[in-house]
Amino acid sequence: MKNRIITITLLASLFIFIQIPQNGYAIDKVIVVKGQVFNDINHNGTQDPKEKGLKNILISNGKDIVKTDKNGQYSIEANIGESIFPILPSEYTWSKSKSKVVNANYLYLDPNQPVVQNTISWHVPVFKSEAAKSFSVGAIGDIQVDNAEELNYAAKSIFSELNNRNDISFNLMLGDIVNDKMELLPMMHDMMNQLPSSSWTLVGNHDRNVDNPLFMNDAFNRINGSDNYSFNYGKTHFIVLNNVFATDKKSYEGRLTDKQLQFLKNDLSYVPKEKTIVISQHIPMVATKNKQEVLDLLKDYANVLILSGHTHTVSRHFFNYPNIQELGVGATCGNWWRGEKDLEGIPNALMQCGTPRGYFVIDFDDNKYNFRFKGVGLDDKKQMALTTDSNRIVVNVFGGSDSTNVSIKIDNGEWIKMNHKRDIDPIVSNIVELNHSKVYPTKGNTLNPLRKRYSSHIWEVTRPQSSSLKRSVILVKAQDRFGLNVEEKFLLYDM
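Calculation criteria
- Residues numbered from 1 in each chain as written.
- Predicted model: local features only at pLDDT ≥ 70, side-chain atom pairs only at ≥ 80, totals over all residues.
- Heavy atoms only, no water.
- Salt bridge = Lys/Arg side-chain N within 4 Å of Asp/Glu carboxyl O.
- Helix = DSSP H or I, 4+ residues; strand = E, 2+ residues; numbered from the N terminus.
- Buried < 20%, exposed > 50% of the residue type's maximum accessible area, 1.4 Å probe, protein only.
- Arc of directions from axis to C-beta.
- Contact = heavy atoms within 4.5 Å.
- Pairing = 2+ DSSP bridges.
- Core = buried A, V, L, I, M, F, W, Y, C linked by side-chain atoms within 4.5 Å.
- Axes fitted to C-alpha atoms, helices over the stretch in contact; angles between N-to-C directions.
- Parallel < 35°, antiparallel > 145°, perpendicular 65-115°, else oblique.
- Left-handed = near helix turned anticlockwise from the far one by under 90°.

Peer 1: Outline the pattern of salt bridges, listing residues and values.
Peer 2: Counted by the stated rule, this structure contains 19 salt bridges. A salt bridge links R222 to D218; its shortest N-O distance comes to 3.6 Å. Here R222 pairs with D218, and both are found in helix α3 (residues 218–224), just 4 residues apart, close to one helical turn. Using a relative accessible area of 2% as the deciding quantity, one classes D218 as buried. In this structure, E488 engages K382 in a salt bridge whose closest nitrogen and oxygen atoms are separated by 3.2 Å.

If you want it as structure tokens, here you go:
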């Protein structure tokens with residue numbers, strides 16, 4: 001009998017799905033996965049006679065966690081649509097992987113390729129390496145390609161840049177890898193495989209197969225292995241959560257399921273309180289409906305950094321716990337690959353908050369971290385934008401927040417504290433006016449749909465008056481106790 005889905009709509013929003021057996025069994029069939037985690041000394045992916053199993057390695061199905069026995073053996077139950085993955089200690093690395101997207105090496109129980117047998121064997125080859133004491137991570141938000149042209153934009157910009165970086169240990173791809181075009185996921189995966197560093201991926205609302213309401217993440221997980229998992233690197237524990245919860249075929253909200261919360265609780269029970277925790281999810285935690293349940297599980301850890309994408313703006317959020325902050329990293333497609341093109345034919349796509357297309361580099365050292373913005377194609381030192389008018393000097397610190405102290409020094413004068421202000425970025429305001437006056441878009445370009453909306457990282461100070469032409473060297477520094485410490489020098493002429 002073919003798989004049928006009978007949908008009953010109540011109050012235009014409630015959907016009940018009746019599951020009918022497919023290929024001889026129900027899609028909620030329980031599968032037993034058994035295998036061994038072993039020390040793959042020669043990195044060939046096969047267990048040779050002298051290669052022993054490793055005990056006490058954690059294996060999970062996205063909810064439950066089991067430990068391998070003294071011979072490295074494990075057994076865990078899972079449902080169709082779930083993934084099986086190891087949670088390796090920092091000193092162990094996956095061996096003979098089929099992909100540099102690490103989670104793509106996990107076992108996904110694909111509902112589109114049903115398994116007839118009740119038991120599956122899945123082995124995990126690893127090798128021992130020295131755990132990193134300090135390392136850097138690329139936090140990459142919303143590449144969100146929609147077609148072949150945008151695939152080429154991504155290749156020429158963010159992927160070309162990452163391909164020339166050897167200072168990043170791995171990348172966290174924070175969702176919306178594509179823009180509802182599941183057929184582009186393999187191409188994006190291929191570009192990640194070309195990078196010198198490995199990557200970890202999570203699903204965004206535009207990475208879901210909405211035509212399969214029972215398993216919206218099937219296309220993503222066939223390519224990327226899993227959309228919920230955790231791993232260790234250095235002294236930091238990373239947890240990746242899919243918090244895009246479907247409320248209808250195309251609508252969604254930010255929340256976590258009871259199963260995910262149980263996984264988080266189970267996972268954290270193995271993590272010492274002095275460790276730094278990094279949570280990666282697509283929809284910001286600040287907009288996640290049951291965020292308090294998550295925060296309650298994290299409140300006793302020394303440092304917690306939450307990374308998110310989704311909004312196409314850079315933002316930072318603080319909660320009622322001094323050890324927890326969230327960094328919304330913005331989008332590497334900027335404002336959806338829109339706007340005037342540069343010399344390479346790539347749209348400027350300035351974000352609504354006035355931040356260029358970019359990402360963040362996070363530096364971890366022992367149990368501490370700091371972060372810095374990186375505009376795609378821009379110098380590492382480009383951390384802010386400065387504009388002036390007849391009355392004031394305005395600075396947009398791309399990684400700043402209302403907890404950031406920003407000061408300015410003109411020539412050899414004293415440091416002056418700038419005032420934080422919720423305001424429209426002046427460059428954004430100028431583009432909006434050019435749009436309204438039909439100057440933009442020029443021929444061959446697309447309109448960047450910016451609006452006059454406030455940015456959360458604007459500072460201003462009254463501009464000193466000058467009666468004659470005067471060159472000024474302006475130094476701006478921005479720092480806070482949450483990991484930001486940047487400065488930039490500008491040259492200004494008064495007329």
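Peer 1: So what's going on with helix α2 (residues 185–193)? Which residues, and what values?
Peer 2: Since the α-helix turns once every 3.6 residues, residues separated by three or four places project in the same direction. The set of residues buried in α2 consists of L185, M188, H189, M191 and M192. One side of α2 holds all its buried residues, which, seen down the axis, span an arc of 160 degrees. Next to the buried residues of α2 lie α1 (148–163), β13 (170–173), β14 (198–201) and α3.

Peer 1: Mind laying out the pairing of strand β7 (residues 83–87), listing which residues take part and the relevant values?
Peer 2: The side chains of a regular strand alternate, first on one face of the sheet and then on the other. With 5 of 5 residues buried, β7 is to be regarded as a mostly interior element. Note: strand β4 (residues 58–60) against β7, 3 bridges, orientation antiparallel. Each bridged residue has a counterpart across the sheet, and for I59 the counterpart in β7 is P86. As paired strands, β7 and strand β9 (residues 107–108) are joined by 2 bridges and run antiparallel to one another. Within the sheet, the bridge partner assigned to I84 lies in β9 and is L107.

Peer 1: How would you sum up the nonpolar core? Please name residues and give values.
Peer 2: Ranked by internal contacts, the top residues of the largest apolar core, which has 125 residues, are I143, F159 and L307. Sort the elements by how many residues they give to this core and α1 lands first, with 6 residues. With residues near it in sequence (within four places) discarded, L307 still touches A139, L172, L174, V278, I279, S280, Q281, L327, V329 and I362. Ranked by size, the runner-up nonpolar core spans 6 residues in total, among them L350, V428, I431 and V432.

Peer 1: Help me get a handle on the sheet that holds β13, residues and values and all.
Peer 2: Backbone hydrogen bonds hold the strands of a sheet together, and the pairing may be parallel or antiparallel. With mixed pairing, the 5 strands of this open sheet are ordered in space as β14-β13-β12-β23-β24. Only two strands of the sheet have a single partner each, and these edge strands are β14 and β24 (368–375). Across the sheet, the axes of successive neighbouring strands diverge by a mean angle of 25 degrees, strand direction being ignored. Of the pairings in the sheet, the one linking strand β12 (residues 134–140) to strand β23 (residues 358–365) comprises 6 bridges and is antiparallel in character. Looking at the pairing, S136 lines up with D363 of β23.

Peer 1: An account of the packing of α1 against α2 is requested, with residue identities and associated values reported.
Peer 2: Look at α1 against α2: their axes get within 11 Å of each other, and the N-to-C directions meet at 20 degrees. As judged from the angle between their axes, α1 and α2 are roughly parallel. In terms of crossing hand, the pair formed by α1 and α2 is right-handed. Judged by residue contacts, L151, A155 and F159 of α1 engage M187, M188, M191 and M192 from α2.

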